[in-house]
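Topology and contacts: notes
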Amino acid sequence: MAKYELPIYGEDDAIVKEYKTNVCPWAVYIEAADISETLKERTPREQLEAVGSILKSVFVGLTDEELLHADGGDVMNTFKQITTGGQTVRSGGSSSSASKNV
């Protein structure tokens with residue numbers, strides 16, 4: 001099982017394609033953190049488009065059309081998983097002590 005997964009559904013809720021990856025580029029964590037910090041300032045449509053942008057950055061080849069056929073819960077859970085991963089990195093207790101040694 002991959003760390004990040006996004007099924008794309010067709011008729012009768014059948015999975016027609018599945019995106020999987022174990023890698024989330026560092027740039028995506030940075031972008032997700034920026035989006036998370038400003039999410040409340042955006043319109044609902046802007047919020048959803050920003051989430052879609054993150055997922056298209058993680059799942060290479062994911063198209064806007066395919067994203068429209070993904071389950072909303074899967075999309076939001078994957079986004080949350082990415083932002084949580086970035087927050088863990090940013091708020092790790094060892095990072096502050098490591099930066100003092102530099």
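Residues numbered from 1 in each chain as written. Predicted model: local features only at pLDDT ≥ 70, side-chain atom pairs only at ≥ 80, totals over all residues. Heavy atoms only, no water.

**Topic: the pattern of salt bridges**
Note the threshold: For this analysis, a salt bridge means a side-chain nitrogen from Lys or Arg found within 4 Å of a carboxyl oxygen belonging to Asp or Glu. Any residue under 20% of the maximum accessible area for its type is buried, any over 50% is exposed, and the rest in between are partly exposed; the area is computed with a 1.4 Å probe on protein chains only.
For the coordinates displayed, the defined rule picks out three salt bridges. Asp 64 is paired through a salt bridge with Lys 56; the nearest N and O atoms lie 2.4 Å apart. Overall, the relative accessible area of 49% leaves Asp 64 in the partly exposed class.

**Remarks on unusual backbone geometry**
Note the cut-off: Each helix is a run of DSSP H or I of at least 4 residues and each strand a run of E of at least 2, with the numbering of both proceeding from the N terminus.
With a phi angle near 55°, Asp 12 is a residue other than glycine that sits in the positive phi range. Its location among the elements puts Asp 12 in the loop between β1 (4-9) and β2 (15-21). In the Ramachandran plot, Asp 13 falls in the positive-phi region, its phi being about 60° despite a non-glycine side chain. Along the chain, Asp 13 turns up in the loop between β1 and β2. We classify Asp 13 as exposed; its relative accessible area is 65%.

**Observations regarding the layout of surface pockets**
Going by this rule: With a 1 Å grid spanning the protein atoms alone, the term cavity applies to any set of points in which a 1.4 Å probe fits but cannot get out, the term pocket to an open set with protein on both sides within 12 Å along at least five of seven lines, and the term lining residue to any residue with an atom within 4 Å of a point. Grid points are joined across faces, edges and corners, and a volume is the space filled by probe spheres set on the points.
Computed from the structure, the largest pocket encloses a volume of approximately 370 Å³. Lining the largest pocket are 14 residues; nearest its centre among them are Leu 48, Glu 49, Gly 52, Leu 67 and Leu 68. For the lining of the largest pocket, the elements supplying multiple residues, two or more each, are α2 (44-58), α3 (64-68) and α4 (72-90). For the lining of the largest pocket, the element with the most residues is α2, which contributes seven residues.

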